[in-house]
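Breakdown of the fold
Now for the letters of each chain:
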Amino acid sequence: MNEVSRAERALHLRMELACAASSAAGLPGEFRVWEQSGVLAVLAAGSGLGFLSTVSGVTRETVGTAVEVVNASVWNGVRPAVLVSTGLGAAGEALLLAAGLVRTEDRVLAVRGLDASVPEVQPDVVAAAAVGAFLDVLVAGYGVAGMVAAFIRAEHELPVMRRFLVLAGGVPVAAAGMTIHQDVAVLGGASTLPAFRGRGAQSRLLRHRLRLAADAGCALAVATARPDSVSAANLGRAGFRVLRRSVWLTPAR
């Protein structure tokens, strides 16, 4: 399995944990994660969470299966984003177009091998001693509320989540999480309080987690971001291979 496939599978496993945590927390809606012939699907049907619904693992070999998954009745009006990390060629794109999908804004998949070049841990980054304090900073940094905030809290309360904070004068100002899936570290989510942005907090959190992931025996780290964002730039500077994923959606009705 190549690095991109390993990264996509790790992200899928992370979403499986997040969806299970949201269901256990009693969030309304339907949460389902499954695999069909190599295609990875996530359904998040809670109010305001449809953007989390995806179909990934889409290659030239699996694009036909991806179309079958998108056309399944399980979605109940949710429009999953079909994420393509590798070139499909003209024939593969033609299949998506014939199924009524249209290309929309790209997303970023960032992958980095972990080796001796990983930097040392950062002195102003600490493991979060209290889950509540970590969650308060993370959600405030995202600036979200309602179901999205509830989903973030459920996901980052998971016992397997490793939680880190940047301190300024002893006060937490930025937060980031990490989970490990076999030998792949998934870095996310991450946010900084608005008053402390632009001071390198997320870069330090990124380097810190890379070092700890390498120390834990991980061979690969993966993260996602918006194209041309500060997060994508930080990932590139940290040695990640930043890949643009084409995104396809069924038209809104």
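Note that the structure is predicted; figures quoted are calculated from it, not measured.

Moving on, we come to the overall build of the protein chain. When you go through the protein chain residue by residue, the secondary structure sums to seven helices and eleven strands. The C-alpha radius of gyration computed for the protein chain amounts to 18 Å, which stays within 12% of the reference 18 Å derived for 253 residues, consistent with globular compactness. With respect to the three principal axes, the spread of C-alpha positions in the protein chain is 55 × 40 × 30 Å. Counting the 253 residues in the protein chain, one finds 51% classified as buried. Contacts in the protein chain between residues far apart in sequence, at least 24 positions, make up 70% of those at least 6 positions apart. As displayed, the protein chain has an accessible area near 11300 Å², and 54% of this comes from carbon and sulfur atoms. Here the protein chain contributes 24 positive and 19 negative side-chain charges, whose respective centroids are spaced 5 Å apart.

The next point concerns the packing of aromatic side chains. For the coordinates displayed, the defined rule picks out two aromatic pairs. Here the basic side chain of Arg32 rests over the ring of Trp34, its NZ or CZ set 4.5 Å away from the ring centre.

Attention now moves to the environment of Ala213. The residue Ala213 is located in helix H6 (residues 201-215) in this model. C-alpha separation for the pair Ala213 and Ala45, spaced 168 residues apart in sequence, amounts to 32 Å.

Counting across every chain of the model gives eleven salt bridges. Across the pair Asp106 and Arg103 runs a salt bridge whose closest N-O atoms are separated by 3.2 Å. Relative accessible area serves as the criterion here: at 47%, Arg103 is assigned to the partly exposed category. Connected via shared salt-bridge partners are Arg103, Asp106, Asp228 and Arg244.

With respect to burial, strand E2 (residues 39-44) is a largely interior element, six of its six residues being buried. Here E2 shows two buried faces, one formed by Val39, Ala41 and Leu43 and the other by Leu40, Val42 and Ala44. Of the strand pairs in this sheet, strand E1 (residues 31-36) and E2 are connected by six bridges, and their pairing is antiparallel. Its bridge partner lying in E2, Glu35 is registered against Leu40. Remark: two residues form the turn of the hairpin made by E1 and E2, two consecutive strands paired antiparallel; Ser37 in that turn has positive phi of roughly 50°. Where E2 and strand E3 (residues 54-56) come together, three bridges link them in antiparallel fashion. Its bridge partner lying in E3, Leu40 is registered against Ser56.

Turning next to the nonpolar core. Counting residues in each nonpolar core, the largest one holds 27 residues, and the members touching the most others are Leu114, Leu187, Leu210 and Phe240. Among the secondary structure elements, those contributing two or more residues to this core are strand E5 (102-113), strand E7 (162-168), strand E8 (171-181), strand E9 (184-192), H6, strand E10 (220-225) and helix H7 (230-237). Counting residues per element, this core draws most heavily on H6, which supplies six residues. Once residues within four sequence positions are removed from consideration, Phe240 is found in contact with Ala110, Val111, Arg112, Leu187, Leu206, Leu210, Ala221, Val222, Ala223 and Leu235. Counting 20 residues, the second largest nonpolar core, distinct from the first, contains Val63, Val67, Leu96 and Leu101.

Before going further, it helps to spend a moment on unusual backbone geometry. Excluding glycine, most residues fall at negative phi; most peptide bonds, likewise, are trans. A cis geometry characterises the amide bond from Gly188 onward to Gly189, with omega recorded as -10°. Within the fold, Gly189 resides in strand E9. At Ser37, a position not held by glycine, the phi torsion is positive, near 50°. A positive phi angle, near 50°, is found at Asn76, a position not held by glycine. Relative to the helices and strands, Asn76 resides in the loop between helix H2 (63-70) and strand E4 (81-84).

With that out of the way, let us pick up the sheet that holds E1. Taking strand neighbours across the sheet as the criterion, the eleven strands line up as E1-E2-E3-E4-E11-E5-E10-E9-E8-E7-E6 in an open arrangement whose pairing is mixed. Every interior strand has two partners, whereas the edge strands, E1 and strand E6 (125-127), have only one. Shown here is a sheet whose adjacent strand axes are inclined to one another by a mean of 25°, direction ignored. Pairing of E4 with strand E11 (residues 241-249), which is carried by three bridges, proceeds in the antiparallel orientation. Pairing of Leu83 across the sheet is with Val247, part of E11. Strands E1, E2, E3, E4, E5, E8, E9, E10 and E11 of the sheet are contacted by helix H1 (residues 3-24), whose axis makes an angle of about 150° with E1.

About the cut-offs
- Residues numbered from 1 in each chain as written.
- Predicted model: local features only at pLDDT ≥ 70, side-chain atom pairs only at ≥ 80, totals over all residues.
- Heavy atoms only, no water.
- Helix = DSSP H or I, 4+ residues; strand = E, 2+ residues; numbered from the N terminus.
- Rg over C-alpha atoms; globule rule 2.2 N^0.38 Å.
- Buried < 20%, exposed > 50% of the residue type's maximum accessible area, 1.4 Å probe, protein only.
- Contact = heavy atoms within 4.5 Å.
- Areas by Shrake-Rupley, 256 points an atom, 1.4 Å probe, with all protein chains shown as cover.
- Lys, Arg positive; Asp, Glu negative; His and termini not counted.
- Charge placed at Lys NZ, Arg CZ, Asp CG, Glu CD.
- Phe/Tyr/Trp six-rings, centres within 6.5 Å; stacked < 30°, edge-to-face > 60°.
- Lys NZ or Arg CZ within 6 Å of the ring centre and 35° of its normal.
- Salt bridge = Lys/Arg side-chain N within 4 Å of Asp/Glu carboxyl O.
- Pairing = 2+ DSSP bridges.
- Core = buried A, V, L, I, M, F, W, Y, C linked by side-chain atoms within 4.5 Å.
- Axes fitted to C-alpha atoms, helices over the stretch in contact; angles between N-to-C directions.

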